[in-house]
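Structure at a glance
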Amino acid sequence: MSFNDLGFYPFLLLILLGLFGVQVLIKKEQTALLIRKILLLFSSFAVIWCYRPSFCLSTAAVILITYVGGRLIERAGTGRMRIAGLFVTALVLWLGYFKYFSFLLNTFCTLIGQPGTLIRIAAPIGISFYIFTAVGYLLDVAWEKYPAERNLLNLSLMLVFFPKLLCGPLVRGDEFLPQLRENRRMSADRFMSGIQLFAFGFFKKVVLANHMARFLDSVFFAPSAFSMSTLWLAMLSNMPALYFDFSGYSDMAIGVSRMMGYDLRSNFNLPFITTNISDFWSRWHITLTDWLQSYLFNPLAVRFRRMMAGKPKAFRKKYKLLPECAAAVITFFVSGVWHGVGFNFAIFGLLHGIFYVIQKVYGQARKAKGKASGLRFVPVLASFLLINLIQVFFRTETPGEAVRFYQALIVPHAGVFFPSFWCLIGLAALCGEIILARMEQRKQGSAELNAVQPRLNLRTVPGMTALLFLIGLALALGYFGESYFVYEQF
Amino acid sequence: MMGRIVKVTGKICLSGILAFLALTLFCMAYYHLPARLEDPDGVTDFRWAGHAFYSRGTEGFAAGRTNNEGYINESDYLPGDPVDVLVIGSSHMEALQVPEKESTAAILRKRLPDLAVYNVGLSNHDFLTCMRHLPAALNKYHPARFTIIETVNLIFPDYEFESILRRNETGGTERSRVYELVQKNHYLRLLYSQLESYRKSQAGAQGDNADNISDSPDAAPKNSAEAVGRFLSQLHDLAQAAGTKIIIAYHPKASINADGSLQVWSDVSTMRQFDELCHQHGIGFLDLSDRIQTEYQQRNVLPYGFINSAVGSGHFNAEGHRMFADELLRIMEEMERADSAERSEPLR
């Protein structure tokens, strides 16, 4: 049961009414807080139950492991890193079993010339997200950023809070646990802010993402059937379609959380205005980038720098970027395989890592030669093109399919010409978003270009009308056939 | 406190009404279907309101007006007007997705300038529905040359073939109360349609294609030569009594395979048998499968799908109507040539 399902909305309404009822009827703060958290936890497990009842057991097990792990790490004193390593390994292996076991087994069988297995292990919903959240929490406790959470309810909610369960955003303990400890109240301002963010996310998902996906699924399934111009349109629309899908979900998750009184971090910030890979990842799936930077990239870079410390000075000077680059390649590789099971995802991650390295090295070279920064429009377009080209690996089932797609892009051939209306609209919507952000930047006089958040004044009739019109328009224009959240698969 | 609640509720209601009006206005251009009325003559399950404006932007972009009878034709029909070619079928023949002049009936009209072509194609009129209403249609229009029955499916249980022509129904299919209520407002009708799409996707059915005809899950025998033969014999007798020739025009779904080849979803042996039986009973039969393949291989065109919907699925696009009309003309000419001893006038 997700934002994609009609049945979710009566459920959401019940939860909101329940939370509001608790807030209004129960005067004792602590009791209200307890009931609120129980209601939210029950709802979260109800969502998991709707997918498969057995997933509840697996999820509960992860919660308990994380809870016990946090407490033991805190008490361990000097041995806390070892215990943290143990629990983190257990969680990662747990994730690995559900996500990668079948694939690895089949790959092994192929390598030794044996028939593969038909075993498919169903991964509990949201497992990639809550396992990462749990690992982050345990490492934070091990690094003594904050004490271990004593309240099992709080920890459980941090991991499985249902608005963010399926596709994030990822939360950090120091951001979300304090909110769970407070008796957060629903307020009119938060509700109005949340509902319009939800509505905008809903529009992006059902109107733009769903329609674009219909075209993209057909083209990527059989690229040789389509003309070159159609393939180029598909390739350039691939990332924008994923953006509307994922950012749409994120907006809905953040909006619902805000309506309930909780704040989740934004996950996207105009990712297509960037001019290089690292800037792209600072604006795309921000919470994952943040997680990877904090818990993988930084520790690896520090470790590699320490390893370099023993080398001769000339070597260290010549290869001063090596620790950072090596850490980046590994981090991007992990990011790739986190996204999906298959060699194509590994290649997707590695390509990002390789281009990150090129960007770092080239950036140093340009700095050394004292070159002035060039025209930004060209780098933005070049970056957009590069990211979409790499994204082909994300979309196809196998590396071979990706190569065939690239071949079809460059080898002239005849095919079905299909100028997808919705892809053109999607690309126009992207440009519109950037133009709006630029106008806002000029108005505010700020140095940074950031995404504009919806700011309808829902206390007025025009504002409320605009919101209801937007929701109604999304219902009218949206595609409600077979569709799914792309990141739900991860 | 009460005053505040009343004020807020009032604002929400007013905003809702304004938003609803704006959306209704939007749908007058985007999704505007005429009102559904009963067909007193029993030619079809229902009719659209006469001389009513329609527009569709959900699949293709098209707008037009119905004629006086509520069908999609360039001109009105008055009782007694001659009809030479009658086109009966589903939403493919209704052709709300393309401009009227690009529909199969319009193309036939243009290429047969001396013949009166009349189209009574309507949504949700599958082959069996068309057959149920065929006697009434022939009785009303007396098509002098041909009666074309378009269909996407010809595989039915034998008992359907045995009984269908004997039913001679004139009544329409009942629609739900909800539909009757929502059809008064274009936006609500669109929402209803969206809800149907959602339900179909949840049920795992293919919500894209016209009229969503699927094989009956019945375990009963289907399309046996005896049952189909008897049905076609009855059909031939009906046609002969009405002074017309029947053409059953079949067009299967198609989809692109991963290797770029086109898969036409047709049961080849069943259609071949149907073709032979039609030939034996003096009924024309068109199977668009080969033409779909040829056009795809030679010109890279698909007969279904629009730039604002899906690739290769859904209703006939302009190319599909053109292919269909071309093949119908070919079949009509072949039948005329085969029958030339009895006719003094050529087809065109």
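Scoring rules and cut-offs
Position numbers for residues start from 1 in each chain and track the written sequence from start to end. Each chain is given a letter, starting from A, and each ligand a number, starting from 1, according to the order in which they appear as written. Local features in a predicted model are, by the rule used here, given only for residues with pLDDT of at least 70; side-chain atom pairs are given and counted only at 80 or more, and totals for whole chains, interfaces and linings are based on all residues. In computing side-chain values, all of the structure's heavy atoms are included and hydrogens and water are not. Helix and strand definitions follow DSSP, with helices as H or I runs of at least four residues and strands as E runs of at least two, each counted in order from the N terminus. It is over C-alpha atoms that the radius of gyration is taken, and the globule rule equals 2.2 Å times the number of residues to the power 0.38. Computed by Shrake-Rupley with a 1.4 Å probe, the accessible areas treat only the displayed protein chains as cover when residues are assessed. Think of it this way: Lys and Arg go in the positive column, Asp and Glu in the negative one, and His and the chain ends go nowhere. To locate a charge, the coordinates of NZ of Lys, CZ of Arg, CG of Asp or CD of Glu are taken. A pairing counts as a salt bridge when a side-chain nitrogen of Lys or Arg comes within 4 Å of a carboxyl oxygen of Asp or Glu. With a 1.4 Å probe rolled over the protein chains alone, any residue whose accessible area is under 20% of its type maximum counts as buried; one over 50% counts as exposed, and the rest are partly exposed. Between any two strands, pairing holds if DSSP finds at least two bridges.

Observations regarding the overall build of chain A
- Counting secondary structure elements, chain A contains 19 helices and zero strands.
- Taken against the 2.2 N^0.38 rule, which gives 23 Å for 490 residues, the C-alpha radius of gyration of chain A at 24 Å falls within 12% of a compact globule.
- Principal-axis analysis of the C-alpha atoms gives chain A an extent of 70 × 60 × 60 Å.
- Just so you have it, chain A exposes about 22,100 Å², and 68% of that area is on carbon and sulfur atoms.
- Taking the average location of the 47 positive side-chain charges in chain A and that of its 24 negative ones, the two points are 8 Å from each other.

Focus on the pattern of salt bridges
- Applying the stated criterion across every chain yields a total of 40 salt bridges over all chains.
- When the shortest N-O distance is used, the salt bridge between A:Glu74 and A:Arg150 registers 3.1 Å. On the criterion of sequence distance, the pair formed by A:Glu74 in helix H3 (residues 53-76) and A:Arg150 in the loop between helix H5 (127-142) and helix H6 (152-160) is long-range, its members being 76 residues apart.
- In this structure A:Glu74 comes out as partly exposed when scored by relative accessible area, which is 30%.
- A salt bridge links B:Lys140 to B:Asp41, with the nearest nitrogen and oxygen atoms 2.7 Å apart. With B:Lys140 in helix H4 (residues 127-141) and B:Asp41 in the loop between strand E2 (36-37) and strand E3 (47-48), this pair connects stretches of sequence that are 99 residues apart.
- Residue B:Asp41 is classed as partly exposed on the basis of its relative accessible area of 33%.

Quick look at the sheet that holds strand E4 (residues 53-56) of chain B
Residue and element names in this part refer to chain B.
- Taken in spatial order, the three strands make up an open sheet running E1-E4-E5, and their pairing is antiparallel. Strands with a single pairing partner mark the edges of an open sheet, and in this sheet they are strand E1 (31-32) and strand E5 (62-65).
- In the sheet, E1 pairs with E4 via two bridges, with the strands oriented antiparallel. Counterpart to Tyr31 in the pairing with E4 is Arg56.

Geometric descriptors of this kind do not, in isolation, establish any biological role.
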